[in-house]
Amino acid sequence: MLISLIVPCYNEEESLPILYEALCDVRKAESSTDRCFEFIFVNDGSRDKTAEKIKELAANDKSVKYVFFSRNFGKEAAMYAGMQKAKGDYVAILDADMQDPPSLLPEMIRVLDSGEYDVVAARRVTRKGEPKIRSFFARCFYKLINRMCDVEIADGARDFRLMKREVVDAILSLSERQRFSKGIFAWVGFRTKWVEHENVERVAGETKWSFWKLFRYAIDGIVAFTTAPLRLATYCGFFFAFAGFVYLIYYFIRAIILRIYNEVPGYPSLLCFILFIGGLILMCLGILGEYIGRTYIESKARPIYIPSDESKD
Ligand code: UDP
Ligand code: MG
(Lines give C-alpha, C1' and ligand atoms only; values in the text may rest on other atoms or scores of the structure.)
(Ligands and ions follow the chains in the order given, each with its own letter.)
Protein backbone atom coordinates (compact mmCIF):
# COMPACT_ATOMS: atom_id res chain seq x y z
CA MET A 1 0.00 0.00 0.00
CA LEU A 2 1.27 3.42 -0.96
CA ILE A 3 1.00 6.52 1.21
CA SER A 4 1.62 9.91 -0.40
CA LEU A 5 2.75 12.82 1.71
CA ILE A 6 2.29 16.19 0.03
CA VAL A 7 4.27 19.21 1.19
CA PRO A 8 3.61 22.65 -0.30
CA CYS A 9 6.79 24.71 0.00
CA TYR A 10 7.30 28.39 -0.46
CA ASN A 11 10.65 29.75 0.74
CA GLU A 12 11.22 26.87 3.14
CA GLU A 13 14.94 26.18 2.66
CA GLU A 14 15.54 26.15 6.41
CA SER A 15 12.58 23.99 7.40
CA LEU A 16 12.86 21.41 4.62
CA PRO A 17 15.77 19.36 5.98
CA ILE A 18 14.14 19.23 9.42
CA LEU A 19 10.85 18.14 7.92
CA TYR A 20 12.49 15.56 5.72
CA GLU A 21 14.18 13.98 8.74
CA ALA A 22 10.84 13.83 10.52
CA LEU A 23 9.18 12.23 7.50
CA CYS A 24 11.96 9.64 7.31
CA ASP A 25 11.33 8.84 10.97
CA VAL A 26 7.69 8.19 10.18
CA ARG A 27 8.69 6.00 7.25
CA LYS A 28 11.06 4.04 9.47
CA ALA A 29 8.44 3.57 12.16
CA GLU A 30 6.00 2.20 9.58
CA SER A 31 8.53 0.08 7.71
CA SER A 32 7.55 -3.15 9.45
CA THR A 33 4.25 -3.16 7.62
CA ASP A 34 3.70 -3.52 3.88
CA ARG A 35 3.60 0.20 3.31
CA CYS A 36 5.61 2.35 0.92
CA PHE A 37 5.80 6.08 1.04
CA GLU A 38 6.17 8.78 -1.57
CA PHE A 39 7.05 12.33 -0.58
CA ILE A 40 5.74 14.97 -2.97
CA PHE A 41 7.27 18.40 -2.59
CA VAL A 42 5.53 21.19 -4.43
CA ASN A 43 7.77 24.18 -4.91
CA ASP A 44 5.44 27.11 -5.19
CA GLY A 45 7.80 29.51 -6.94
CA SER A 46 10.19 29.93 -4.01
CA ARG A 47 12.78 32.68 -4.24
CA ASP A 48 15.33 31.04 -1.95
CA LYS A 49 17.19 27.74 -2.24
CA THR A 50 14.11 25.55 -1.74
CA ALA A 51 14.33 24.22 -5.31
CA GLU A 52 17.95 23.12 -4.88
CA LYS A 53 17.14 21.53 -1.52
CA ILE A 54 14.31 19.53 -3.04
CA LYS A 55 16.42 18.34 -5.97
CA GLU A 56 19.14 17.32 -3.56
CA LEU A 57 16.68 15.23 -1.56
CA ALA A 58 15.31 13.67 -4.75
CA ALA A 59 18.79 12.73 -5.92
CA ASN A 60 19.38 10.71 -2.74
CA ASP A 61 15.95 9.27 -2.18
CA LYS A 62 13.85 7.62 -4.88
CA SER A 63 10.60 8.18 -3.06
CA VAL A 64 10.98 11.96 -3.28
CA LYS A 65 8.99 13.45 -6.14
CA TYR A 66 8.37 17.04 -6.95
CA VAL A 67 6.39 19.59 -8.90
CA PHE A 68 7.83 23.05 -9.51
CA PHE A 69 5.62 25.97 -10.38
CA SER A 70 6.49 28.65 -12.90
CA ARG A 71 5.73 31.29 -10.24
CA ASN A 72 4.08 31.59 -6.83
CA PHE A 73 0.48 30.37 -7.20
CA GLY A 74 -0.36 30.04 -3.52
CA LYS A 75 -0.76 27.15 -1.13
CA GLU A 76 -4.18 26.16 -2.46
CA ALA A 77 -2.76 25.59 -5.94
CA ALA A 78 0.21 23.75 -4.44
CA MET A 79 -2.07 21.35 -2.58
CA TYR A 80 -4.07 20.73 -5.74
CA ALA A 81 -0.94 19.99 -7.76
CA GLY A 82 0.27 17.63 -5.05
CA MET A 83 -3.01 15.75 -4.99
CA GLN A 84 -2.99 15.43 -8.78
CA LYS A 85 0.45 13.89 -8.60
CA ALA A 86 -0.19 11.63 -5.62
CA LYS A 87 -0.77 7.98 -6.46
CA GLY A 88 -1.18 6.73 -2.91
CA ASP A 89 -4.11 4.86 -1.40
CA TYR A 90 -3.79 7.24 1.50
CA VAL A 91 -2.79 10.84 0.89
CA ALA A 92 -1.69 13.37 3.48
CA ILE A 93 -1.06 17.08 3.19
CA LEU A 94 1.29 18.78 5.62
CA ASP A 95 3.07 22.10 5.96
CA ALA A 96 6.80 22.34 5.49
CA ASP A 97 7.34 24.27 8.72
CA MET A 98 6.56 21.39 11.15
CA GLN A 99 3.42 23.18 12.35
CA ASP A 100 1.62 20.03 11.24
CA PRO A 101 3.46 17.55 13.46
CA PRO A 102 4.49 14.55 11.31
CA SER A 103 4.60 12.53 14.54
CA LEU A 104 0.79 12.42 14.39
CA LEU A 105 0.90 10.50 11.10
CA PRO A 106 1.21 6.95 12.49
CA GLU A 107 -1.80 7.51 14.69
CA MET A 108 -3.73 8.93 11.71
CA ILE A 109 -2.81 5.94 9.56
CA ARG A 110 -4.15 3.60 12.28
CA VAL A 111 -7.47 5.43 12.25
CA LEU A 112 -7.93 4.99 8.49
CA ASP A 113 -6.83 1.36 8.76
CA SER A 114 -9.63 0.68 11.19
CA GLY A 115 -12.03 1.40 8.33
CA GLU A 116 -14.36 3.51 10.41
CA TYR A 117 -13.30 6.79 8.86
CA ASP A 118 -12.34 8.13 5.44
CA VAL A 119 -10.50 11.24 6.61
CA VAL A 120 -8.42 12.09 9.66
CA ALA A 121 -7.94 15.80 10.06
CA ALA A 122 -5.93 17.73 12.57
CA ARG A 123 -7.23 20.63 14.50
CA ARG A 124 -5.40 22.84 16.91
CA VAL A 125 -7.20 23.45 20.13
CA THR A 126 -5.08 26.39 21.20
CA ARG A 127 -3.73 29.34 19.30
CA LYS A 128 -0.77 29.77 21.60
CA GLY A 129 2.02 31.88 20.14
CA GLU A 130 -0.26 33.65 17.71
CA PRO A 131 -0.98 37.38 17.98
CA LYS A 132 -4.13 37.90 20.10
CA ILE A 133 -5.78 40.12 17.54
CA ARG A 134 -5.33 37.50 14.84
CA SER A 135 -6.95 34.80 17.00
CA PHE A 136 -9.83 37.15 17.71
CA PHE A 137 -10.52 37.82 14.04
CA ALA A 138 -10.10 34.16 13.20
CA ARG A 139 -12.77 33.25 15.76
CA CYS A 140 -15.13 35.91 14.37
CA PHE A 141 -14.54 34.61 10.87
CA TYR A 142 -15.47 31.04 11.77
CA LYS A 143 -18.60 32.18 13.61
CA LEU A 144 -19.65 34.28 10.64
CA ILE A 145 -18.99 31.75 7.92
CA ASN A 146 -20.67 28.95 9.84
CA ARG A 147 -23.75 31.02 10.34
CA MET A 148 -24.02 31.72 6.61
CA CYS A 149 -22.80 28.46 5.17
CA ASP A 150 -24.55 25.11 4.90
CA VAL A 151 -21.42 23.09 5.55
CA GLU A 152 -19.71 23.27 8.91
CA ILE A 153 -16.18 24.69 8.74
CA ALA A 154 -14.37 23.75 11.92
CA ASP A 155 -12.58 26.44 13.90
CA GLY A 156 -8.90 25.66 14.25
CA ALA A 157 -8.97 23.07 11.49
CA ARG A 158 -5.70 22.99 9.62
CA ASP A 159 -5.09 21.73 6.12
CA PHE A 160 -3.20 18.84 7.74
CA ARG A 161 -5.13 15.68 6.97
CA LEU A 162 -4.83 12.09 5.83
CA MET A 163 -7.40 11.00 3.26
CA LYS A 164 -8.41 7.87 1.45
CA ARG A 165 -8.18 7.76 -2.33
CA GLU A 166 -11.87 8.41 -2.95
CA VAL A 167 -11.77 11.58 -0.89
CA VAL A 168 -8.82 12.89 -2.89
CA ASP A 169 -10.63 12.11 -6.14
CA ALA A 170 -13.67 13.99 -4.88
CA ILE A 171 -11.56 17.01 -4.02
CA LEU A 172 -9.83 16.92 -7.39
CA SER A 173 -13.21 16.86 -9.11
CA LEU A 174 -13.89 20.30 -7.66
CA SER A 175 -11.74 22.12 -10.15
CA GLU A 176 -12.61 25.69 -9.28
CA ARG A 177 -9.85 28.24 -9.64
CA GLN A 178 -10.45 30.21 -6.47
CA ARG A 179 -9.90 27.44 -4.05
CA PHE A 180 -10.78 27.67 -0.40
CA SER A 181 -9.67 24.29 0.84
CA LYS A 182 -11.13 24.48 4.31
CA GLY A 183 -14.51 24.83 2.63
CA ILE A 184 -13.82 22.24 -0.04
CA PHE A 185 -12.78 19.65 2.56
CA ALA A 186 -15.98 20.28 4.49
CA TRP A 187 -18.09 20.32 1.34
CA VAL A 188 -17.02 16.91 0.02
CA GLY A 189 -18.06 15.38 3.33
CA PHE A 190 -17.04 11.78 4.19
CA ARG A 191 -16.59 10.38 7.67
CA THR A 192 -14.06 12.61 9.35
CA LYS A 193 -12.21 12.04 12.58
CA TRP A 194 -10.57 15.00 14.26
CA VAL A 195 -7.32 14.65 16.11
CA GLU A 196 -6.49 17.56 18.30
CA HIS A 197 -3.12 19.06 19.04
CA GLU A 198 -1.65 22.16 20.60
CA ASN A 199 -0.53 24.95 18.35
CA VAL A 200 3.08 24.46 17.30
CA GLU A 201 5.22 27.38 16.21
CA ARG A 202 7.10 27.08 12.95
CA VAL A 203 10.67 25.75 13.24
CA ALA A 204 12.33 28.24 10.91
CA GLY A 205 11.58 31.00 8.45
CA GLU A 206 8.47 33.05 8.83
CA THR A 207 4.80 32.89 8.02
CA LYS A 208 3.71 34.05 4.57
CA TRP A 209 0.41 35.32 5.86
CA SER A 210 0.11 38.98 6.64
CA PHE A 211 -3.03 40.24 8.30
CA TRP A 212 -4.40 41.61 5.03
CA LYS A 213 -3.65 38.44 3.16
CA LEU A 214 -5.66 36.55 5.79
CA PHE A 215 -8.44 39.10 5.57
CA ARG A 216 -8.69 38.69 1.81
CA TYR A 217 -8.57 34.93 2.23
CA ALA A 218 -11.51 35.19 4.65
CA ILE A 219 -13.54 37.20 2.14
CA ASP A 220 -12.65 34.70 -0.58
CA GLY A 221 -13.84 31.88 1.66
CA ILE A 222 -17.15 33.50 2.33
CA VAL A 223 -17.78 34.42 -1.30
CA ALA A 224 -16.75 30.96 -2.45
CA PHE A 225 -19.03 29.07 -0.12
CA THR A 226 -22.15 31.07 0.39
CA THR A 227 -24.30 33.57 -1.43
CA ALA A 228 -25.82 34.79 1.84
CA PRO A 229 -24.27 38.30 1.56
CA LEU A 230 -26.24 38.82 -1.64
CA ARG A 231 -29.41 38.32 0.33
CA LEU A 232 -28.36 41.15 2.62
CA ALA A 233 -29.17 43.63 -0.14
CA THR A 234 -32.64 42.17 -0.56
CA TYR A 235 -33.36 42.31 3.17
CA CYS A 236 -32.10 45.90 3.47
CA GLY A 237 -34.19 46.85 0.46
CA PHE A 238 -37.32 45.44 2.06
CA PHE A 239 -36.56 47.12 5.36
CA PHE A 240 -36.04 50.57 3.89
CA ALA A 241 -39.02 50.35 1.58
CA PHE A 242 -41.15 49.45 4.58
CA ALA A 243 -39.66 52.21 6.72
CA GLY A 244 -40.26 54.72 3.91
CA PHE A 245 -43.86 53.63 3.64
CA VAL A 246 -44.46 54.04 7.39
CA TYR A 247 -42.88 57.48 7.25
CA LEU A 248 -45.15 58.45 4.37
CA ILE A 249 -48.28 57.41 6.23
CA TYR A 250 -47.09 59.30 9.30
CA TYR A 251 -46.74 62.54 7.31
CA PHE A 252 -50.01 62.00 5.53
CA ILE A 253 -51.88 61.63 8.81
CA ARG A 254 -50.10 64.62 10.28
CA ALA A 255 -51.17 66.72 7.32
CA ILE A 256 -54.78 65.60 7.47
CA ILE A 257 -55.34 65.62 11.24
CA LEU A 258 -52.83 68.12 12.60
CA ARG A 259 -52.76 70.24 9.46
CA ILE A 260 -48.98 70.67 9.52
CA TYR A 261 -47.91 71.23 5.88
CA ASN A 262 -44.84 73.36 5.57
CA GLU A 263 -42.38 72.35 8.18
CA VAL A 264 -38.84 73.35 7.26
CA PRO A 265 -36.64 71.79 9.98
CA GLY A 266 -35.41 68.26 9.39
CA TYR A 267 -32.47 69.04 7.17
CA PRO A 268 -29.90 67.12 9.29
CA SER A 269 -32.06 64.02 9.47
CA LEU A 270 -32.56 64.19 5.72
CA LEU A 271 -28.83 64.41 5.15
CA CYS A 272 -28.26 61.45 7.45
CA PHE A 273 -30.76 59.35 5.55
CA ILE A 274 -29.28 60.22 2.20
CA LEU A 275 -25.76 59.42 3.37
CA PHE A 276 -26.80 56.22 5.08
CA ILE A 277 -28.80 54.89 2.18
CA GLY A 278 -26.15 56.00 -0.30
CA GLY A 279 -23.56 54.07 1.71
CA LEU A 280 -25.78 51.05 1.86
CA ILE A 281 -26.31 51.06 -1.89
CA LEU A 282 -22.57 51.26 -2.48
CA MET A 283 -21.98 48.40 -0.07
CA CYS A 284 -24.52 46.22 -1.81
CA LEU A 285 -23.00 47.09 -5.16
CA GLY A 286 -19.63 46.08 -3.74
CA ILE A 287 -20.98 42.73 -2.60
CA LEU A 288 -22.52 42.17 -6.02
CA GLY A 289 -19.18 43.10 -7.53
CA GLU A 290 -17.38 40.48 -5.44
CA TYR A 291 -19.57 37.75 -6.87
CA ILE A 292 -19.52 39.04 -10.44
CA GLY A 293 -15.74 39.39 -10.32
CA ARG A 294 -15.39 35.81 -9.19
CA THR A 295 -17.75 34.60 -11.89
CA TYR A 296 -15.60 36.46 -14.41
CA ILE A 297 -12.41 34.84 -13.19
CA GLU A 298 -13.95 31.36 -13.13
CA SER A 299 -15.36 31.86 -16.62
CA LYS A 300 -11.86 32.34 -17.99
CA ALA A 301 -11.12 28.77 -16.91
CA ARG A 302 -7.41 29.32 -16.54
CA PRO A 303 -5.34 26.46 -15.16
CA ILE A 304 -4.95 26.40 -11.38
CA TYR A 305 -1.16 26.35 -11.71
CA ILE A 306 1.51 26.09 -14.38
CA PRO A 307 4.32 23.60 -13.79
CA SER A 308 7.78 24.62 -14.84
CA ASP A 309 9.69 22.17 -17.01
CA GLU A 310 11.86 21.08 -14.08
CA SER A 311 9.03 19.03 -12.59
CA LYS A 312 9.70 15.33 -12.47
CA ASP A 313 7.87 12.09 -11.79
N1 UDP B 1 2.90 28.02 1.20
C2 UDP B 1 2.86 27.83 -0.18
N3 UDP B 1 2.62 28.91 -0.99
C4 UDP B 1 2.38 30.16 -0.50
C5 UDP B 1 2.38 30.32 0.91
C6 UDP B 1 2.64 29.24 1.73
O7 UDP B 1 3.06 26.73 -0.66
O8 UDP B 1 2.17 31.08 -1.27
C9 UDP B 1 3.19 26.87 2.09
C10 UDP B 1 4.32 27.09 3.07
O11 UDP B 1 5.56 26.77 2.50
C12 UDP B 1 3.96 26.17 4.21
C13 UDP B 1 2.44 26.18 4.18
O14 UDP B 1 2.06 26.64 2.89
O15 UDP B 1 4.40 24.84 3.97
C16 UDP B 1 1.87 27.07 5.27
O17 UDP B 1 2.40 28.37 5.17
P18 UDP B 1 2.71 29.24 6.44
O19 UDP B 1 3.46 28.44 7.45
O20 UDP B 1 3.34 30.50 5.96
O21 UDP B 1 1.25 29.55 6.97
P22 UDP B 1 0.74 29.49 8.50
O23 UDP B 1 1.19 28.19 9.06
O24 UDP B 1 1.35 30.65 9.17
O25 UDP B 1 -0.74 29.57 8.37
MG1 MG C 1 3.02 27.60 9.17
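Predicted, not measured: the structure shown is a model, and the values here were computed from it.

About the cut-offs
Residues numbered from 1 in each chain as written. Chains lettered and ligands numbered in written order. Predicted model: local features only at pLDDT ≥ 70, side-chain atom pairs only at ≥ 80, totals over all residues. Heavy atoms only, no water. Axes fitted to C-alpha atoms, helices over the stretch in contact; angles between N-to-C directions. Helix = DSSP H or I, 4+ residues; strand = E, 2+ residues; numbered from the N terminus. Parallel < 35°, antiparallel > 145°, perpendicular 65-115°, else oblique. Left-handed = near helix turned anticlockwise from the far one by under 90°. Contact = heavy atoms within 4.5 Å. Phe/Tyr/Trp six-rings, centres within 6.5 Å; stacked < 30°, edge-to-face > 60°. Lys NZ or Arg CZ within 6 Å of the ring centre and 35° of its normal. Donors = N, O, S within 2.8 Å, 3.2 Å for Na, K, Ca; no water. Buried < 20%, exposed > 50% of the residue type's maximum accessible area, 1.4 Å probe, protein only. Near = heavy atom within 4 Å. Polar contact = N/O pair within 3.5 Å; in protein donor to acceptor, adjacent residues only side chain to side chain. Areas by Shrake-Rupley, 256 points an atom, 1.4 Å probe, with all protein chains shown as cover. Pairing = 2+ DSSP bridges.

A.B. asks: Give me the packing of helix H6 (residues 165–173) against helix H7 (residues 181–188): which residues, what numbers.
C.D. replies: Two numbers describe how H6 lies on H7: the axes approach to 10 Å, and their chain directions differ by 120°. Comparing the axis directions of H6 and H7 gives the class oblique. When you trace H6 past H7, the crossing you get is right-handed. Here Val167, Ala170 and Ile171 of H6 come into contact with H7, specifically with Ile184, Phe185 and Val188.

A.B. asks: Account for the packing of aromatic side chains, naming residues and giving values.
C.D. replies: Counted under the stated rule, the structure contains 16 aromatic pairs. Seen from their ring centres, Phe69 and Phe73 are 5.6 Å apart, and the 90° between their planes marks the pair as edge-to-face. Among the aromatic residues, those joined into a cluster by ring pairs are Phe136, Phe137, Phe211, Trp212 and Phe215. Just above the ring of Phe73 sits the side chain of Arg71; from NZ or CZ to the centre is 3.9 Å.

A.B. asks: Kindly report on the coordination of the magnesium ion (ligand 2), identifying the contributing residues and their values.
C.D. replies: At the metal site, the magnesium ion (ligand 2) is ligated by Asp97 (OD) and Gln99 (OE1), and these contacts range over 1.8 to 1.9 Å. Accessibility assignment for this pair places Asp97 and Gln99 in one class, buried.

A.B. asks: So what's going on with the site of ligand 1? Which residues, and what values?
C.D. replies: By nearness alone, 16 residues border ligand 1, and Glu12, Asp44, Asp97, Gln99 and Arg202 come closest of all. One of the side-chain nitrogen or oxygen atoms of Asp44 is found 2.6 Å away from a nitrogen atom of ligand 1. A distance of 3.4 Å separates a nitrogen atom of ligand 1 from a polar backbone atom of Lys75. In isolation ligand 1 offers 530 Å² of accessible surface; the protein chains occlude 90% of this area.

A.B. asks: Before we move on, can you summarise the sheet that holds strand S4 (residues 90–93) with the specific residues and values?
C.D. replies: With mixed pairing, the seven strands of this open sheet are ordered in space as S3-S2-S1-S4-S6-S5-S7. A strand with exactly one partner marks an edge of an open sheet, and here the two such strands are strand S3 (64–68) and strand S7 (192–197). The mean angle between the axes of side-by-side strands here comes to 20°, regardless of whether they run parallel or antiparallel. Here strand S5 (residues 119–124) pairs with strand S6 (residues 157–164) via four bridges, running antiparallel. Residue pairing for S6: Val120 is matched across the bridge by Leu162. Each of strand S1 (2–9), strand S2 (36–43) and S3 is contacted by helix H1 (residues 15–29), which is oriented at about 165° to S2, the strand it contacts most. Lying over the sheet, helix H4 (residues 105–113) contacts S1, S2, S4, S5, S6 and S7, oriented at roughly 45° with respect to S6.

A.B. asks: I'd love a proper account of the packing of H1 against helix H2 (residues 50–60), names of residues and values included.
C.D. replies: Axis separation between H1 and H2 bottoms out at 10 Å; the angle between their running directions is 30°. Considered as vectors, H1 and H2 are oriented roughly parallel to each other. The element H1 and its partner H2 pack so that their crossing is right-handed. Contacts between H1 and H2 involve Leu16, Pro17 and Tyr20 from the first element and Thr50, Lys53, Ile54 and Leu57 from the second.

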